Amino acid sequence: MSSLETNLGKVKLKNPILLASGTCGVAAREFEPYFKLSDLGSIVTKSLSIKPRVGNPTPRVVEVSPACGMLNSIGLQNPGIEYFVKNELPYLTEQKVTCVINIVGETLDDYLQAVDVIKNKSEFCAIELNLSCPNVEGGLDFSQDPKKAFTMVSEVKKITNIPVWAKLSPNITDITEIAKACIDAGSDGLCLINTVLGLAINRWTKKPVLPRGVGGYSGPAIKPIALRMIWETYKKFPKTPIIGIGGIHTTDDAIEFLLCGASAIQIGTANFVNPKASIEIIEGLKKYMEQMKISSINEIVGQAHLQSEKPLAKSAY
Ligand SMILES: Cc1cc2nc3c(=O)[nH]c(=O)nc-3n(C[C@H](O)[C@H](O)[C@H](O)COP(=O)(O)O)c2cc1C
């Protein structure tokens, strides 16, 4: 019998499929008509800050093309972490879903105050620190400066025993520099990648479509960028669990991320196209494992790095 149970250091999940932050509402309530949340490995909450945020002016999303993906500039709209704990967390507990809480702020102190609210809550299997939002002023500061990333992760680690995952930005020259800073600071895992900075122009108004100009590009077109960054990071830091994100829409995509070095993956933009994508990928992974006679999903993590003479058998699921 094949096991999808996934080891991410101190965190064990029933399978490697998570819903990505910001693509499943605040607490994934929107998925109730489609499947049981408890069938997922985990869900990642919307980024939560110490104070509620109203987000950016509309329009906030632009579809680039269905084959490529979308740009968003939500601006971290969220009800605030205290509201979340009071009004949304009981729902997630009731659904018996493992939960990763994503935290954001404008300053180090903002992050620490938000972590302080949940630092002893056993409902969360991990804290995902969003160091990489491209849609607010200064949102990328923590993932473009290794010193700031180090300080952030180490200060958060001082106040909580919940495993910490740093979510990094692709909008940087060498992702392994930031990855190293986070690992040195004690990060228990790395989430790669957040959205890629992009821009859309309206030819009739002759202006950028999004009021802030730039937005975060996500969806199938960013998959090779994500894979490349996971490849480089896994090569240097094979012991640090990587949670892969970026353009994963199908089982094939998911398998590629695992082979590349991700121990788990998050489904993001695909949720807007097909709300059942995550569950279909779980089923697809089961079939792949049976056909390839893989007993544990952990076996294939990073396998693409082995310079094997033998090609991997063709998938036929
Ligand atoms: C509409 C939208 C909102 C997002 N909001 C957040 C957020 O609040 N926090 C965060 O860390 N990432 C956020 N993201 C980034 C995703 O979690 C993910 O890293 C990114 O979209 C790449 O994955 P994908 O190509 O599968 O969508 C958002 C993405 C989208 C499309």
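Residues numbered from 1 in each chain as written. Predicted model: local features only at pLDDT ≥ 70, side-chain atom pairs only at ≥ 80, totals over all residues. Heavy atoms only, no water.

> Report on the packing of helix α7 (residues 251–260) against helix α9 (residues 277–291), specifying residues and quantitative values.
Axis separation between α7 and α9 bottoms out at 9 Å; the angle between their running directions is 65°. By the criterion of interaxial angle, the relationship of α7 to α9 is roughly perpendicular. Crossing geometry of α7 relative to α9 is assigned as right-handed. On α9, the residues touching T251, A254, I255 and L258 of α7 are E280, I281, G284, L285 and Y288. For the contact of α7 with α9, the per-class residue count stands at six nonpolar, two polar and one charged. (Axes fitted to C-alpha atoms, helices over the stretch in contact; angles between N-to-C directions. Helix = DSSP H or I, 4+ residues; strand = E, 2+ residues; numbered from the N terminus. Parallel < 35°, antiparallel > 145°, perpendicular 65-115°, else oblique. Left-handed = near helix turned anticlockwise from the far one by under 90°. Contact = heavy atoms within 4.5 Å. Nonpolar A, V, L, I, M, F, W, Y, C, P; charged D, E, K, R; others polar.)

> Pulling in residues and values, what's your account of the packing of helix α5 (residues 175–184) against helix α6 (residues 223–236)?
As a packed pair, α5 and α6 sit with axes 9 Å apart at the nearest point and diverge in direction by 50°. When the axis of α5 is compared with that of α6, the two are oblique. Crossing handedness for the pair α5 and α6: right-handed. Between α5 and α6, the residues in contact are I175, T176 and A179 and M229, E232, T233 and K236, respectively. Grouping the constituent residues of the contact of α5 with α6 by class yields three nonpolar, two polar and two charged.

> Give me the lowdown on the sheet that holds strand β15 (residues 242–245), citing residues and values where you can.
Pairing in this closed barrel of eight strands is parallel, and the strands run β3-β4-β7-β8-β9-β10-β15-β16 around the ring. Adjacent strand axes in the sheet meet at a mean angle of 25° when their direction is disregarded. Note that strand β7 (residues 99–103) and strand β8 (residues 124–130) share five bridges and pair parallel. In the sheet register, N102 faces β8, and the bridge partner there is E128. (Pairing = 2+ DSSP bridges.)

> Explain the nonpolar core to me, and be specific about the residues and the numbers.
Counting 89 residues, the largest nonpolar core has L37, I103, L129 and L168 as the members making the most contacts within it. Broken down by element, this core gets its largest block of residues, seven residues, from α9. Grouped together as the second largest cluster of nonpolar side chains are 14 residues, L8, C125, W165 and C191 included. (Core = buried A, V, L, I, M, F, W, Y, C linked by side-chain atoms within 4.5 Å. Buried < 20%, exposed > 50% of the residue type's maximum accessible area, 1.4 Å probe, protein only.)

> Lay out unusual backbone geometry in plain terms, naming residues and giving numbers.
Residues apart from glycine generally show negative phi values, whereas peptide bonds are mostly found in trans. With an omega dihedral of -5°, the bond running from T58 to P59 counts as a cis peptide bond. When you line up the elements, P59 lands in the loop between β4 (42–44) and β5 (61–65). Of note, the amide linkage connecting L192 to I193 takes the cis form, showing an omega dihedral of 15°. Assignment of secondary structure puts I193 in the loop between β10 (189–192) and β11 (196–199). Unlike most non-glycine residues, L76 shows phi in positive territory, near 60°. As for its placement among the helices and strands, L76 is situated in the loop between β6 (69–72) and α1 (81–94). L76 sits in the buried class, given a relative accessible area of 5%.

> So what's going on with the sheet that holds β11? Which residues, and what values?
One open sheet holds the four strands; their spatial order is β5-β6-β14-β11, and the pairing between them is antiparallel. Edge positions in the open sheet fall to β5 and β11, since each of these has one partner strand only. Sheet twist, expressed as the mean angle between neighbouring strand axes with direction ignored, is 40°. Note that β11 and strand β14 (residues 214–218) share four bridges and pair antiparallel. Within β14, the residue paired with L199 across the bridge is V214.

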